[in-house]
Amino acid sequence: MTDLNKRNKQEWIESAAILKAEPYEIAGALFDCAADALLSRAEVEQRLDAYLHPVREAPAAVPVKPQVTQVKKAKGETSHDNSES
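Described below are features of the structure shown in this document.

With respect to the overall build of the protein
- Of the regular secondary structure elements, the protein holds three helices and zero strands.
- Its helices and strands in sequence order give the protein the pattern α-α-α, from N to C terminus.
- Across the 85 residues that make up the protein, the buried fraction comes to 20%.
- Sequence separation of at least 24 residues holds for 47% of the intrachain contacts in the protein that already meet a minimum separation of 6.
- Total accessible area on the protein is roughly 7700 Å²; 52% of this is exposed by carbon and sulfur atoms.

Below is the structure:
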């Protein structure tokens, strides 16, 4: 396989218009790539899509609190039981 269609990080940033993106978007998408790594257009497009459209995942172990309805008391009402024993 030939590397003729691959470019390094800086070359992709400089040619961002080819991907209809801004240079800073390409830089953000490739932030974790080594400067001298050769990347294909498909790899860069995939990283760019993931950068521009991140998938938000719900936290794994978030306990759900049960809904407790609160009853408002009328004016003058107390919380003590005044029934006769």
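Some thoughts on the side chain of S15
- Inspection of the secondary structure puts S15 in the loop between α1 (9-14) and α2 (23-29).
- Here the side chain of S15 touches R7 through a polar contact of 2.7 Å, side chain to side chain.
- Only 2.7 Å separates the side chain of S15 from the backbone oxygen of E11, close enough to count as a polar contact.

Topic: the nonpolar core
- Of all hydrophobic cores here, the largest spans 12 residues; its members are W12, I13, A16, L19, A21, I26, A29, L30, C33, L39, V44 and L48.
- Listed by contribution, the elements that provide at least two residues to this core are α1, α2 and α3 (41-52).
- Every residue in contact with C33, bar those within four places of it in the chain, is listed here: K9, L39 and R47.

Focus: unusual backbone geometry
- Its identity is not glycine, yet K20 carries a phi of approximately 55°, on the positive side.
- With respect to the secondary-structure elements, K20 resides in the loop between α1 and α2.

Regarding the packing of aromatic side chains
- Throughout the structure, instances matching the rule amount to zero aromatic pairs.
- Its end group placed over the ring of W12, R7 keeps NZ or CZ at 4.9 Å from the ring centre.

Thoughts on the pattern of salt bridges
- All chains considered together, the criterion is met by two salt bridges.
- In this structure, R47 engages D32 in a salt bridge whose closest nitrogen and oxygen atoms are separated by 2.9 Å. With a gap of 15 residues between them, R47 in helix α3 and D32 in the loop between α2 and α3 connect regions that are remote in the sequence.
- Looking at R47, the relative accessible area reads 30%, which means it is partly exposed.

Definitions and cut-offs
- Residues numbered from 1 in each chain as written.
- Predicted model: local features only at pLDDT ≥ 70, side-chain atom pairs only at ≥ 80, totals over all residues.
- Heavy atoms only, no water.
- Helix = DSSP H or I, 4+ residues; strand = E, 2+ residues; numbered from the N terminus.
- Buried < 20%, exposed > 50% of the residue type's maximum accessible area, 1.4 Å probe, protein only.
- Contact = heavy atoms within 4.5 Å.
- Areas by Shrake-Rupley, 256 points an atom, 1.4 Å probe, with all protein chains shown as cover.
- Polar contact = N/O pair within 3.5 Å; in protein donor to acceptor, adjacent residues only side chain to side chain.
- Core = buried A, V, L, I, M, F, W, Y, C linked by side-chain atoms within 4.5 Å.
- Phe/Tyr/Trp six-rings, centres within 6.5 Å; stacked < 30°, edge-to-face > 60°.
- Lys NZ or Arg CZ within 6 Å of the ring centre and 35° of its normal.
- Salt bridge = Lys/Arg side-chain N within 4 Å of Asp/Glu carboxyl O.

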